[in-house]
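Okay, here's what each chain looks like letter by letter:
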Amino acid sequence: MKRRRLAPLRRLGQSLFLCLFLFLFIKTDYQGSDNLQYAVNLIFRIDPLVAAATMLAAKTFIILLFPALFTIVFTFLLGRFFCGWVCPMGTIIDMSHKLARPAPNTTDWKHQNLRYYILFFVLTGALFGLPLVGYVDPFSILVRALTLALYPAFNFSSESFFTFTYLNAPPWVNSVTEPLYAFMKNYILASDPRVYTLTLLSLSILLIVLLLETVERRFFCRNLCPLGAMFSLVARFSLLRTIGGENSRCGKCQNCRSTCRMAAIDHNKAVSMEKCIFCLDCIDACPKKQISFGFAFKLAPISMNISRRGFITTAISSAAIPLFLPGRAISKRPNPKLLRPPGALSEQDFLTRCVRCGECMKVCIGNGLHPLFLEAGLEGIFSPKLSPRLGYCEYNCTLCGQVCPTGAIQKLSPEIKKKERIGLATFDKNRCLPYAKAIPCIVCEEHCPIADKAIKFKEVELVNDNGQRLVMKQPYAIDELCIGCGICEYKCPLEGEAAVSISRPDNSRLQKDALSY
């Protein structure tokens, strides 16, 4: 009889969910309207780890993350189907398996408790004010690397290729490449090329996750992924179960064990629902059709072996680390150049909710949002800041508030957004051309988007280097009108450091930030 082949069905499902994920990722971009047409942050809104950590940190229910509850319900019904069929990180790990000189499947979990320690550390840390979920959540790692490294590289290489063919290839080649380029420009490539900071660091983290495949099949999923650990705890109660074979019928056959990418089958052919991700490889590999799946309620034994001492140590560590944060210099005087996106919560609330996904950076029209490194401390790495010398906040744009999955950046109406103060502009009179060299320049005032102009001029009569007496327009900023969008600093024609810069306003938000640490 012809053997059943079910794994292709799983691969088809993985491919469809990966395509959906990439579609939403590409649509996280300006599409000619200030309203996004799709739920581009869906992958984070169905992530129960992000939901649990963010709500513990915020100590409130966040309606945006309500869809994560459905993921838990489906896990109770279908086990860890999410890890085997839906998770884009798992799919990419599987795709990289053959490219990474894979290690043979191991049948034991050597470090299975590590992911539980990470999960407890992340959740208790979130409860006590230590935001870590963005560093270990698989979707944060993946989307951040795509946003900051892979997608810009793809855009750059595509633009370079089509530019080369347009300039150098014969007409018959361009008759093919130009329509292809037009299609990609309309549907795949970014609306404008973007550059980012921390590109290589973001890429390196993703590469490390993939390269761990050389150590053990699905090493990240088995040993490190706290989201997978959360699914394991729920999957013990799942109704859909994989039913293993029996030694009396299987004999010495170990095909199912050696095939299982998650080492979910023990010596007696029993399948651990805590580990099984329903990849279906074991069913295909079984020559005697001893493995099947069906619905039944049976509480599976848990393989988690965390000692009481280990649990207490993890809990105390995650609770104690936040006690050291107020002792740092940045808690007394925050970095004046740390500009958060418009609509951002107060600094501490913002850091506890931000999951470092990079969605706001990708959708930013002016390419003004970039990831932080250490300017806000270790807990602020990869969180977004406005870097006016690299980009600016578009006056009419509210997209960053729309894509933020946790509400760290509040969704603002266009009217409120135009009044939301990010920072204040100040001029360096030693660099500004009308001040320092008596050279006329009105670039900053020309680009100021405020209707009444937050940058104005005072006319001063002076003598230039050639001894000529002239009337010079010298710019200055009106604090009451300036919102700190940064376009004046971005457009300043000086090389290197601009003559006008944006810094945090000395207002109630800043004072509240200093007190909140």
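Procedures and definitions
Residues numbered from 1 in each chain as written. Predicted model: local features only at pLDDT ≥ 70, side-chain atom pairs only at ≥ 80, totals over all residues. Heavy atoms only, no water. Phe/Tyr/Trp six-rings, centres within 6.5 Å; stacked < 30°, edge-to-face > 60°. Helix = DSSP H or I, 4+ residues; strand = E, 2+ residues; numbered from the N terminus. Buried < 20%, exposed > 50% of the residue type's maximum accessible area, 1.4 Å probe, protein only. Lys NZ or Arg CZ within 6 Å of the ring centre and 35° of its normal. Pairing = 2+ DSSP bridges. Patch = residues over 30% accessible without salt bridge, like charges linked within 9 Å, V, L, I, M, F, W, Y side chains within 5 Å. Areas by Shrake-Rupley, 256 points an atom, 1.4 Å probe, with all protein chains shown as cover. Salt bridge = Lys/Arg side-chain N within 4 Å of Asp/Glu carboxyl O. Expected span 1.5 Å × (residues − 1).

Draft legend 1. Region of the structure containing the packing of aromatic side chains. Tallied over the entire structure, the rule returns 13 aromatic pairs. Ring centres of phenylalanine 120 and phenylalanine 311 lie 5.5 Å apart, and the angle between their planes is 85°; on these two criteria the pair is classed as edge-to-face. You can see phenylalanine 120 sitting in helix H7 (residues 114-127) and its partner phenylalanine 311 sitting in helix H17 (residues 308-324), a full 191 residues away along the chain. Here phenylalanine 161 and phenylalanine 162 contribute two aromatic rings whose centre-to-centre distance is 5.2 Å and whose plane-to-plane angle is 75°, an arrangement assigned as edge-to-face. For phenylalanine 162, a relative accessible area of 6% translates into the label buried. Through pairs of rings, three or more aromatic residues link up here, namely Phe74, Phe81, Phe82, Phe139 and Phe231. Directly above the aromatic system of phenylalanine 382 lies the positively charged group of arginine 144, at a separation of 4.1 Å from the ring centroid. Looking at arginine 236, its charged tip hangs above the ring of phenylalanine 237, at a distance of 5.6 Å from the centre.

Draft legend 2. Molecular detail of the pairing of strand E6 (residues 455-463). The pairing of E6 with strand E7 (residues 469-477) spans nine bridges and is classified as antiparallel. Across the sheet, residue lysine 456 finds its bridge partner in E7, namely tyrosine 476. Between E6 and E7, which pair antiparallel and follow one another directly, the connecting turn spans five residues, one of which, glycine 467, has a positive phi of 80°.

Draft legend 3. View of a nonpolar patch on the surface. Residues Phe61, Ile63, Phe66, Leu69, Phe70, Val73, Phe74, Phe76, Leu77, Phe237 and Phe297 make up a contiguous nonpolar surface patch of roughly 1100 Å² in combined accessible area. Counting through the fold element by element, phenylalanine 297 comes out in the loop between strand E2 (292-295) and H17. Look at phenylalanine 297 and you get exposed, because its relative accessible area is 58%.

Draft legend 4. Looking closely at helix H1 (residues 7-26). For H1, which comprises 20 residues, the first-to-last C-alpha distance of 28 Å matches the rise-based estimate of 28 Å (1.5 Å per residue) to within 8%. Residues of H1 that are buried: Ala7, Arg10, Gly13, Gln14, Leu18, Phe21, Leu24, Phe25 and Ile26.

Draft legend 5. Spatial organisation of unusual backbone geometry. One non-glycine residue, lysine 269, lies in positive phi territory at about 70°. Relative to the assigned elements, lysine 269 resides in the loop between helix H15 (255-259) and helix H16 (281-285). Positive phi is not limited to glycine here, since phenylalanine 382 has a value of about 75°. Of note, phenylalanine 382 is situated in the loop between strand E3 (369-371) and strand E4 (384-386). On the accessibility criterion, phenylalanine 382 (3% relative accessible area) is buried.

Draft legend 6. Looking closely at the pattern of salt bridges. Within this structure, the stated rule accounts for twelve salt bridges. Notably, a salt bridge pairs aspartate 29 with arginine 194, separated by 3.2 Å at the nearest N-O pair. Of the two residues, aspartate 29 is situated in the loop between H1 and helix H2 (42-45) and arginine 194 in the loop between helix H10 (171-187) and helix H11 (199-211); the sequence distance between them amounts to 165 residues. Arginine 194 carries the same exposure label as aspartate 29, and that label is buried. For the salt bridge of arginine 217 with glutamate 213, the shortest nitrogen-to-oxygen distance reads 3.4 Å. Judged on exposure class, the residue arginine 217 and its partner glutamate 213 are both buried. Beyond isolated ion pairs, a larger network of salt bridges with shared partners links Arg10, Asp94, Arg218, Arg261 and Asp281.

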